[in-house]
Amino acid sequence: VLEVGRAGPRIPVGPGEVVTLRYTQSMYGTPVEERLRVVDGRLMLFEVAASDAALEYLRIESRGPGNAALALEGFAVPADSVGGHVLAAGGREVALATVTPEEGRIAVRLARASRFTTLVHHLKESLP
């Protein structure tokens with residue numbers, strides 16, 4: 001499962017599934033989309049789609065799939081970020097600003113969870 005914050009949503013994801021983080025790059029005010037794939041229990045950043053200026057700022061020299069290659073256990077976004085970060089995975093979208101931060105940030109990571117635990121968490125999220 002993809003854990004969004006300690007008490008936030010848990011999104012079931014499987015091997016090969018793509019997770020997307022969308023936000024507005026603060027310096028240039030342009031949209032950025034980071035694409036990650038679930039591989040061997042890690043998130044593999046394989047593409048960053050953005051304007052040429054934003055890519056240059058991020059030190060990425062080309063466009064398209066494969067312009068990034070970074071294995072991550074997870075990542076964190078500052079709670080006070082102005083980028084309007086939205087995480088998309090498993091057919092769901094989560095605005096990170098709606099997730100309760102811990103120590104000033106929202107952590108996103110892969111975690112193993114039983115089907116029962118995932119079902120219980122999903123049911124809790126569905127309650128009014």
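Anything mentioned here points back to the structure above.
Residues numbered from 1 in each chain as written. Predicted model: local features only at pLDDT ≥ 70, side-chain atom pairs only at ≥ 80, totals over all residues. Heavy atoms only, no water.

With that settled, the discussion passes to the environment of Gly5. Along the chain, Gly5 falls in the loop between β1 (2-4) and β2 (10-11). A relative accessible area of 9% places Gly5 in the buried class. Excluding its chain neighbours within four sequence positions, the residues that come into contact with Gly5 are Val99, Ile106 and Ala107. (Helix = DSSP H or I, 4+ residues; strand = E, 2+ residues; numbered from the N terminus. Buried < 20%, exposed > 50% of the residue type's maximum accessible area, 1.4 Å probe, protein only. Contact = heavy atoms within 4.5 Å.)

What follows covers the packing of aromatic side chains. To describe a pair of aromatic rings, you give the distance between the ring centres and the angle between the ring planes. This structure, assessed with the given rule, holds 1 aromatic pair. With a centroid separation of 6.3 Å and an interplanar angle of 80°, the aromatic rings of Tyr28 and Tyr57 are classed as edge-to-face. Here Tyr28 is found in the loop between β3 (18-25) and β4 (30-39), whereas its partner Tyr57 is found in helix α1 (residues 52-57), with 29 residues between them in sequence. On the basis of relative accessible area, Tyr28 is assigned to the partly exposed category, the value being 39%. Its relative accessible area of 44% is what places Tyr57 among the partly exposed residues. Lying over the aromatic face of Phe46, Arg37 brings its terminal NZ or CZ to 4.4 Å of the ring centre. (Phe/Tyr/Trp six-rings, centres within 6.5 Å; stacked < 30°, edge-to-face > 60°. Lys NZ or Arg CZ within 6 Å of the ring centre and 35° of its normal.)

Turning our eyes to something else, we now look at the sheet that holds β4. Spatially, β6-β5-β4-β3-β8-β9 is the arrangement adopted by the 6 strands of the open sheet, whose pairing is antiparallel. Two strands bound the open sheet, and with one partner strand each, they are β6 (70-72) and β9 (92-95). Between one strand and the next, the sheet's axes are offset by a mean angle of 25°, whatever the strand orientation. Bridge count between β4 and strand β5 (residues 42-49): 7 bridges; the pairing is antiparallel. Note on β5: the bridge partner recorded for Glu34 is Val48. (Pairing = 2+ DSSP bridges. Axes fitted to C-alpha atoms, helices over the stretch in contact; angles between N-to-C directions.)

Here we take up the pattern of salt bridges. If charged atoms from side chains of opposite charge come close, those side chains can pair. Across all of its chains, the model carries 8 salt bridges by this definition. Here Arg10 and Glu3 are joined by a salt bridge, their closest N and O atoms 3.6 Å apart. Taking the relative accessible area as the measure of exposure, Glu3 reaches 14% and is therefore buried. The residue Arg63 makes a salt bridge to Asp52 at a minimum N-O spacing of 3.0 Å. (Salt bridge = Lys/Arg side-chain N within 4 Å of Asp/Glu carboxyl O.)

One finds Leu2, Val4, Val19, Leu43, Leu87 and Leu96 to be the most contacted residues of the largest nonpolar core, which totals 29 residues. Only β1, β3, β4, β5, α1, β7 (74-78), β8 (86-89) and β10 (105-110) provide two or more residues apiece to this core. The residues touching Leu2, leaving out its near neighbours within four places in the chain, are Pro9, Arg10, Ile11, Val13, Val19, Leu43, Leu87, Ala89, Val108, Arg109 and Leu110. (Core = buried A, V, L, I, M, F, W, Y, C linked by side-chain atoms within 4.5 Å.)

Although it is not a glycine, Asp40 sits at a positive phi angle of roughly 50°. Following the sequence through the fold, Asp40 ends up in the loop between β4 and β5. Unusually for a residue other than glycine, Arg59 sits at a positive phi of about 65°. Tracing the backbone shows Arg59 in the loop between α1 and β6.

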